[in-house]
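In case you want the letters, here they are:
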Amino acid sequence: MCAGPHPTDGGSDYGEVLAWVVDAIVDVIIARLGAAGPGERFILELRFTDGGYVDVDDLPESGRWVLRTVSALLAGDLADGVRSLTAAEQQFDITMRAETLADALIWLDFLLDVDLPDPPDVITA
């Protein structure tokens, strides 16, 4: 997945899979918390189990990438999110690709397991 060429155009499926996982993270956050309203924005904070803050700079590069990319997409900064996804696909070496995809999957798995009530259904016309 991280290095195998696509059978038809020589490209890799890595970018598509990573984009799907990141989009799923964003979708789960919005589904659980609701969309940010006018003048509102999401702020992602990481905490240890004892409640202390995690310094983002102490995260491995792959973890920082996931946090920053998801944050950009939640903030509606599609251009920054796309730049980040493109950089992950084109600039990361094979080890970094594997670590980034694994971190994104771990984040998604964690979010799916968080015990939060689902927001009320919103009717859109």
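Located above this text is the structure these notes cover.
Remember, predicted model here, so these are calculated numbers, not experimental data.

Novice: Provide a residue-level description of the layout of surface pockets, including the pertinent values.
Specialist: Where empty space is left in the structure can be found by rolling a water-sized probe over the atoms. In this model, the largest pocket occupies a volume close to 660 Å³. Listed by contribution, the elements that provide at least two residues to the lining of the largest pocket are α1 (14-33), α2 (61-74) and α4 (94-113). Of the residues that constitute the lining of the largest pocket, the class distribution is 18 nonpolar, one polar and four charged.

Novice: Quick one: what's the story with the side chain of Ser-84, residue by residue and with numbers?
Specialist: Its place among the elements puts Ser-84 in helix α3 (residues 78-91). Looking at Ser-84, its side chain comes within polar contact range of the side chain of Thr-69, at 2.5 Å. Not counting residues up to four positions away in its chain, the partners in contact with Ser-84 are Trp-65 and Thr-69.

Novice: Which residues make up α1, and what values go with them?
Specialist: Relative to the 28 Å expected for 20 residues at 1.5 Å per residue, α1 spans 29 Å between its end C-alpha atoms, a close match to the ideal helical length. Taken together, the buried positions of α1 are Tyr-14, Gly-15, Leu-18, Val-21, Val-22, Ala-24, Ile-25, Val-26, Val-28, Ile-29 and Arg-32. Immediately beyond the C-terminal end of α1, within one or two residues, lies Gly-34, with a positive phi of roughly 90°.

Novice: Now, about the packing of α1 against α2: what can you tell me, with residues and values included?
Specialist: Put simply, α1 and α2 touch, their axes get as near as 10 Å, and they point 60° apart. In terms of their interaxial angle, α1 and α2 are classed as oblique. For α1 against α2, the interelement crossing comes out right-handed. Facing Leu-18, Val-22, Asp-23, Ile-25, Val-26, Ile-29 and Ile-30 of α1, the residues of α2 in contact are Trp-65, Val-66, Thr-69, Val-70, Leu-73 and Leu-74.

Novice: Describe in detail the pattern of salt bridges, supporting the description with residues and values.
Specialist: Side chains that carry opposite charge are capable of pairing whenever their charged atoms lie near each other. On inspection of all chains with the given rule, the structure shows three salt bridges. When the shortest N-O distance is used, the salt bridge between Arg-47 and Glu-45 registers 3.2 Å. Looking at Glu-45, the relative accessible area reads 46%, which means it is partly exposed.

Novice: I'd love a proper account of the packing of aromatic side chains, names of residues and values included.
Specialist: By the definition in use, this model includes one aromatic pair. Plain terms: the ring middles of Trp-65 and Phe-92 are 6.4 Å apart, the flat faces sit at 75° to each other, and that makes the pair edge-to-face. Taken together, the residues Trp-65 in helix α2 and Phe-92 in the loop between α3 and α4 connect sequence positions 27 residues apart. Judged by relative accessible area, Phe-92 falls into the buried class, the value being 14%.

Novice: Residue-level account of the environment of Tyr-53, with values.
Specialist: Along the chain, Tyr-53 falls in the loop between α1 and α2. Taking relative accessible area as the criterion, Tyr-53 reaches 52% and is therefore assigned exposed. Sequence-distant contacts of Tyr-53, defined by excluding residues within four places in its chain, comprise Glu-45, Leu-46, Arg-47 and Phe-48. Looking at Tyr-53, its side chain comes within polar contact range of the side chain of Arg-47, at 2.5 Å.

Cut-off values and rules
Residues numbered from 1 in each chain as written. Predicted model: local features only at pLDDT ≥ 70, side-chain atom pairs only at ≥ 80, totals over all residues. Heavy atoms only, no water. 1 Å grid on protein atoms, 1.4 Å probe; cavity = no way out; pocket = protein on both sides within 12 Å on 5 of 7 lines; lining within 4 Å. Points joined across faces, edges and corners; volume = space filled by probe spheres on them. Helix = DSSP H or I, 4+ residues; strand = E, 2+ residues; numbered from the N terminus. Nonpolar A, V, L, I, M, F, W, Y, C, P; charged D, E, K, R; others polar. Polar contact = N/O pair within 3.5 Å; in protein donor to acceptor, adjacent residues only side chain to side chain. Contact = heavy atoms within 4.5 Å. Expected span 1.5 Å × (residues − 1). Buried < 20%, exposed > 50% of the residue type's maximum accessible area, 1.4 Å probe, protein only. Axes fitted to C-alpha atoms, helices over the stretch in contact; angles between N-to-C directions. Parallel < 35°, antiparallel > 145°, perpendicular 65-115°, else oblique. Left-handed = near helix turned anticlockwise from the far one by under 90°. Salt bridge = Lys/Arg side-chain N within 4 Å of Asp/Glu carboxyl O. Phe/Tyr/Trp six-rings, centres within 6.5 Å; stacked < 30°, edge-to-face > 60°.

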